[in-house]
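Chains, contacts and geometry: an overview
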Amino acid sequence: MEQAEWDLEHALHDLEHGFYDWACFSAQQAAEKATKAVFQKQGAVAWGHSVAELLRELQRHFDIPQSLIEAAMELDQAYVPSLYPNVLPAGAPKGAFTEGQAKRLINYAGEILRVCKDILSGMD
């Protein structure tokens, strides 16, 4: 969870300095690491990078709102295009992400971190 919080902080710094592609990627990473922290606490191994799929798996054991899974789906959509310059049809990721999008994904990641922290605190 510590790394998830660090990644979310990184996303906020990227947002502040106009690196919207990296802000989106860091937000996705924060959410992914937060969900994987729950698996780790359970002694389970979580594979893959889809936050939505990880949350769906957690939903089998914990109360995960559908709205959070939908937010995770949007985070997942930023994972590959924010990293690779040959994925988008119109050029590099640096011009493909907006401030509004970065803010939205950072908020989604923050919600996912809060839910995962709540789950972890209930597991002690």
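One can find the structure itself at the top, above this paragraph.
Overview of the structure.

What counts, and at which threshold
- Residues numbered from 1 in each chain as written.
- Predicted model: local features only at pLDDT ≥ 70, side-chain atom pairs only at ≥ 80, totals over all residues.
- Heavy atoms only, no water.
- Helix = DSSP H or I, 4+ residues; strand = E, 2+ residues; numbered from the N terminus.
- Contact = heavy atoms within 4.5 Å.
- Core = buried A, V, L, I, M, F, W, Y, C linked by side-chain atoms within 4.5 Å.
- Buried < 20%, exposed > 50% of the residue type's maximum accessible area, 1.4 Å probe, protein only.
- Axes fitted to C-alpha atoms, helices over the stretch in contact; angles between N-to-C directions.
- Parallel < 35°, antiparallel > 145°, perpendicular 65-115°, else oblique.
- Left-handed = near helix turned anticlockwise from the far one by under 90°.
- Salt bridge = Lys/Arg side-chain N within 4 Å of Asp/Glu carboxyl O.

The next thing to look at is the side chain of Ser26. On the secondary structure map, Ser26 appears in helix H2 (residues 20-42). Non-local contacts of Ser26, meaning those with residues more than four positions away in its chain, are made with Asp7, His10, Ala11 and Asp14.

Turning our eyes to something else, we now look at the nonpolar core. Looking at soluble globular proteins, one finds that nonpolar side chains tend to be buried together. Ala27, Leu55, Ile64, Leu75, Leu105, Ile106 and Ile112 are the most contacted members of the largest nonpolar core, which totals 38 residues. The element best represented in this core is helix H5 (residues 99-122), accounting for 11 residues. In this structure Ala27 touches Ala11, Leu75, Leu105, Ile106 and Ala109, once residues within four positions along its chain are discounted.

Glancing now at the environment of Leu8. In this fold, Leu8 is placed in helix H1 (residues 2-16). C-alpha separation for the pair Leu8 and Met73, spaced 65 residues apart in sequence, amounts to 17 Å. Excluding its chain neighbours within four sequence positions, the residues that come into contact with Leu8 are Ala30, Ile106, Ala109, Gly110 and Leu113.

On to the packing of helix H4 (residues 66-79) against H5. The interhelical angle for the contact between H4 and H5, taken along N-to-C directions, is 130 degrees, at an axis separation of 10 Å. As far as their axial angle goes, H5 and H4 are oblique. Read as a crossing pair, H4 and H5 show a hand that is left-handed. The residues of H5 that touch H4, namely those facing Leu68, Ala71, Ala72, Glu74, Leu75 and Ala78, are Arg104, Leu105, Tyr108, Ala109, Glu111, Ile112 and Val115.

Turning our attention to the pattern of salt bridges. If you walk through the whole model with that rule in mind, you get 7 salt bridges. Where Lys117 meets Glu5, a salt bridge forms, and the shortest distance between an N and an O atom there is 2.5 Å. You can see Lys117 sitting in helix H5 and its partner Glu5 sitting in helix H1, a full 112 residues away along the chain. Overall, Lys117 belongs to the partly exposed group, its relative accessible area being 37%. Among the ionic pairs, Arg56 bridges to Glu53, the shortest N-O distance being 2.5 Å. Here Glu53 and Arg56 lie together in helix H3 (residues 51-59), a separation of 3 residues that amounts to about one turn.

Here we take up the environment of Leu15. With respect to the helices and strands, Leu15 occurs in helix H1. Judged by relative accessible area, which is 15%, Leu15 ranks as buried. Ignoring any residue separated from it by four or fewer positions in sequence, one finds Leu15 in contact with Tyr20, Ala23, Glu99, Ala102, Lys103 and Ile106.

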